[in-house]
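Single-letter residue listing:
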Amino acid sequence: GSTIGILGGGQLGRMLAMDAARLGLSCHVYCPDPDSPAFAVAARHTVAAYDDAVALERFAAECDAVTYEFENVPAGTVEILTGRLPARPSGRSLAVCQDRKAEKTLVEGLGIGTAPWRPVDRSEDLCAALADIDTPALLKTRRFGYDGKGQARIDTLDGAHAAWEAIAAASAIVESLVPFALEVSVVAVRGVAGDFAAYDVVENVHEAGILRISRVPARIAPATAAAAVEIARQIAEELGHVGVLAVEMFVIRDAGGERLMVNEIAPRVHNTGHWTIEACAISQFEAHVRAVAGWPVPSTERHADAEMVNLIGADADRWRDFAAEPGAALHLYGKSDTRPGRKMGHVTRLRPRGS
Ligand code: ATP
Ligand code: MG
Ligand code: MG
């Protein structure tokens, strides 16, 4: 198809639309927020609620395939559209990845490690869960969390009630805090024919639950990197995923060497893959657009080492410094209000491969 519908209008949608345009494909962005960063670069856009059946009908009629750029699109929206045109990834990828319980259950079902965890559907379940898993622990809402929001730390049993009140969610999961050596992610792409490719494993630094820096290559053993890619491949296969997905993992180092635990899955292009714009011939955004359009999975080859730094809140006020820095690739998302903790842009710096 030649028009791709994108549910969600954030910076990820913006970067998808920019790469789609280069391939001669046009994008129609659908988002309830009239200030969406993606609207500025999309061929067409619709401002309407995700449950507006009339607007969705019109949107579907204008698109050849639909995708999403964040995982909190209501699963019902994708269901409605699925009856009319191909949804890539499908509603199943969305449903699993927007619910931490479903996500962890799927990962464990594949025999892949996670932090020890328990579902918490009522406050009474929390004490029982904490008898089974070690503190310190993190209580996380099952749905709608991002950038570390919807999480509360529990250091001792006494703090359990306060944590439950703090997240104020209908249901949650609780998991042990993992003493990881580092965090990594795999950004991978799977095509309609089941073909698969992964970008090189990337190492991530978070501050206060928000991604700060991604560096590639990750400083892990080659066997660990291969295992990380295999985990992403298994998950993509199990989901029948079409398009890009990212799998966030913890690397545990002990006497036995390196082990991986999956933290969460994003059924979409991902902040830890932004470096692919400059360091690869084909970025994660282009790879996703190609897969959604039904093209074969492209090469994910990397020609440089890279470091990507997010510009969060007031960081972006220094954009002139980054613009003046030789070789620094500056991205600004065109967001007008600089709220603290808001992702405003990013900078990518390249180095020769292996230097
Ligand atoms: P994102 O913006 O990546 O979607 P999120 O709000 O869904 O974030 P998580 O990825 O679950 O949240 O957690 C955010 C960060 O908090 C992780 O990247 C990691 O640094 C830390 N964290 C989360 N869970 C654990 C854990 N079990 N043990 C140790 N650190 C953790
Ligand atoms: Mg998340
Ligand atoms: Mg995360």
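Thresholds, definitions, all that
Residues numbered from 1 in each chain as written. Chains lettered and ligands numbered in written order. Predicted model: local features only at pLDDT ≥ 70, side-chain atom pairs only at ≥ 80, totals over all residues. Helix = DSSP H or I, 4+ residues; strand = E, 2+ residues; numbered from the N terminus. Buried ≥ 20, exposed ≤ 12 C-beta atoms within 10 Å, placed from the backbone. Contact = placed C-beta atoms within 7 Å. Core = buried A, V, L, I, M, F, W, Y, C linked by C-beta atoms within 7 Å. Pairing = 2+ DSSP bridges. Axes fitted to C-alpha atoms, helices over the stretch in contact; angles between N-to-C directions. UniProt positions renumbered as here; feature names shortened; annotations may be inferred. pLDDT = per-residue confidence, 0-100. Domains from an automatic or database assignment. Arc of directions from axis to C-beta. Parallel < 35°, antiparallel > 145°, perpendicular 65-115°, else oblique. Left-handed = near helix turned anticlockwise from the far one by under 90°. Nonpolar A, V, L, I, M, F, W, Y, C, P; charged D, E, K, R; others polar. Near = placed C-beta within 6 Å.

**With respect to the environment of Val 242**
So, point 1. Structurally, Val 242 is set in the loop between helix H8 (222-239) and strand S13 (243-254).
So, point 2. C-beta crowding within 10 Å serves as the criterion here: with 27 such atoms nearby, Val 242 is assigned to the buried category.
So, point 3. Once the C-alpha coordinates of Val 242 and Ala 291 are considered, the two residues, 49 residues apart in sequence, prove to be 6.5 Å apart.
So, point 4. With residues near it in sequence (within four places) discarded, Val 242 still touches Arg 88, Pro 89, Arg 190, Gly 191, Val 192 and Ala 291.

**Some thoughts on the nonpolar core**
So, point 1. Ranked by size, the top nonpolar core spans 82 residues in total, and within it Ile 4, Leu 16 and Val 247 carry the most contacts.
So, point 2. The element that contributes the greatest number of residues to this core is H8, accounting for seven residues.
So, point 3. Excluding residues within four positions of it along the chain, Ile 4 makes contact with Ala 20, Leu 25, Cys 27, Cys 63, Ala 65, Thr 67, Val 289, Val 292 and Ala 293.
So, point 4. Counting residues in hydrophobic clusters, the runner-up holds 17 residues, among them Ala 137, Leu 138, Ala 163 and Ile 173.

**Comments concerning the pairing of S13**
So, point 1. Of the strand pairs in this sheet, strand S9 (residues 182-190) and S13 are connected by nine bridges, and their pairing is antiparallel. Paired with Ser 185 across the strands is Glu 248, a residue of S13.
So, point 2. Bridge count for S13 against strand S14 (residues 257-266) is nine bridges, and the pairing is antiparallel. Within S14, the position partnered with Glu 248 by the bridge is Glu 264.

**What about the sheet that holds strand S8 (residues 172-176)?**
So, point 1. If you trace the four strands from one edge of the open sheet to the other, you get S5-S8-S6-S7, paired in antiparallel fashion. Looking at strand neighbours, the two that pair on one side only are strand S5 (117-120) and strand S7 (151-154), the edges of this open sheet. With direction set aside, neighbouring strand axes in the sheet form an average angle of 20 degrees.
So, point 2. Direction of pairing for strand S6 (residues 137-141) relative to S8: antiparallel, over a ladder of five bridges. Bridged to Ala 137 within S8 is Ser 176.
So, point 3. Its contacts with the sheet put helix H7 (residues 160-167) on S6, S7 and S8, and the angle it makes with S7 is roughly 175 degrees.

**Some points on the UniProt feature "domain: ATP-grasp" (unreviewed entry) in the protein**
So, point 1. As annotated in UniProt, the feature "domain: ATP-grasp" (unreviewed entry) corresponds to residues 104-293 in the numbering used here.
So, point 2. End-to-end, the C-alpha atoms of residues 104-293 are 29 Å apart, and along that stretch the chain is 29% helix and 34% strand.

**Remarks on the confidence of the model for the protein**
So, point 1. Mean pLDDT over the protein works out to 96, with 100% of the residues at or above the 70 mark.
So, point 2. Per the prediction output, this complex has pTM 0.97; the corresponding ipTM is 0.98.

**A look at the domain arrangement of the protein**
So, point 1. When the domains of the protein are assigned, the result is domain 1 (3-87), domain 2 (116-176) and domain 3 (182-352).
So, point 2. Computed from C-alpha coordinates alone, the two centres of domain 1 and domain 2 are separated by 34 Å.

**So, helix H6 (residues 123-132)**
So, point 1. If you check which residues of H6 are buried, you get Leu 126, Ala 129 and Leu 130. Along the axis of H6, the buried positions cluster into a sector of 100 degrees, meaning they face one direction only. Projecting away from the buried face of H6 at angles above 90 degrees are the exposed residues Glu 124, Ala 128, Ala 131 and Asp 132.
So, point 2. The secondary structure elements touched by the buried residues of H6 are S5, S6, H7 and S8.

**What about H7?**
So, point 1. Those residues of H7 that sit buried are Ala 160, Ala 163 and Trp 164. Buried residues of H7, viewed axially, fall in a sector of 100 degrees; they line one side. Of the residues in H7, the exposed ones pointing more than 90 degrees away from the buried face are Ala 162 and Glu 165.
So, point 2. Of the surrounding elements, those touching the buried residues of H7 are H6, S6 and S7.
So, point 3. Where H7 terminates, the next one or two residues include Ala 168, which has phi positive at roughly 45 degrees.

**Some remarks on the packing of helix H1 (residues 11-22) against helix H10 (residues 284-292)**
So, point 1. Axis separation between H1 and H10 bottoms out at 8 Å; the angle between their running directions is 70 degrees. By the angle between their axes, H1 is roughly perpendicular relative to H10. Helix-helix and strand crossings are classified by hand; for H1 and H10 the assignment is right-handed. Residue-level contacts link Met 15, Leu 16, Asp 19 and Ala 20 of H1 to Phe 285, Glu 286, His 288 and Val 289 of H10.
So, point 2. Looking at the contact of H1 with H10 residue by residue, the class counts come to five nonpolar, one polar and two charged.

**What to know about the environment of Ala 61**
So, point 1. Its place among the elements puts Ala 61 in helix H2 (residues 53-62).
So, point 2. Spatially, the C-alpha atom of Ala 61 lies 8.1 Å from that of Arg 84, the residues being 23 residues apart in sequence.

**Regarding the site of ligand 1**
So, point 1. Every one of the 17 residues lining ligand 1 counts as a neighbour, but Ala 115, Gly 145, Leu 177, Val 178 and His 206 are closest to it.
So, point 2. When residues of the shell around ligand 1 are traced back to their parent elements, those giving at least two are S6 and S14.
So, point 3. When grouped by side-chain class, the residues that make up the shell around ligand 1 number five nonpolar, five polar and seven charged.
So, point 4. Taken domain by domain, the makeup of the shell around ligand 1 includes at least three residues from each of domain 2 (116-176) and domain 3 (182-352).

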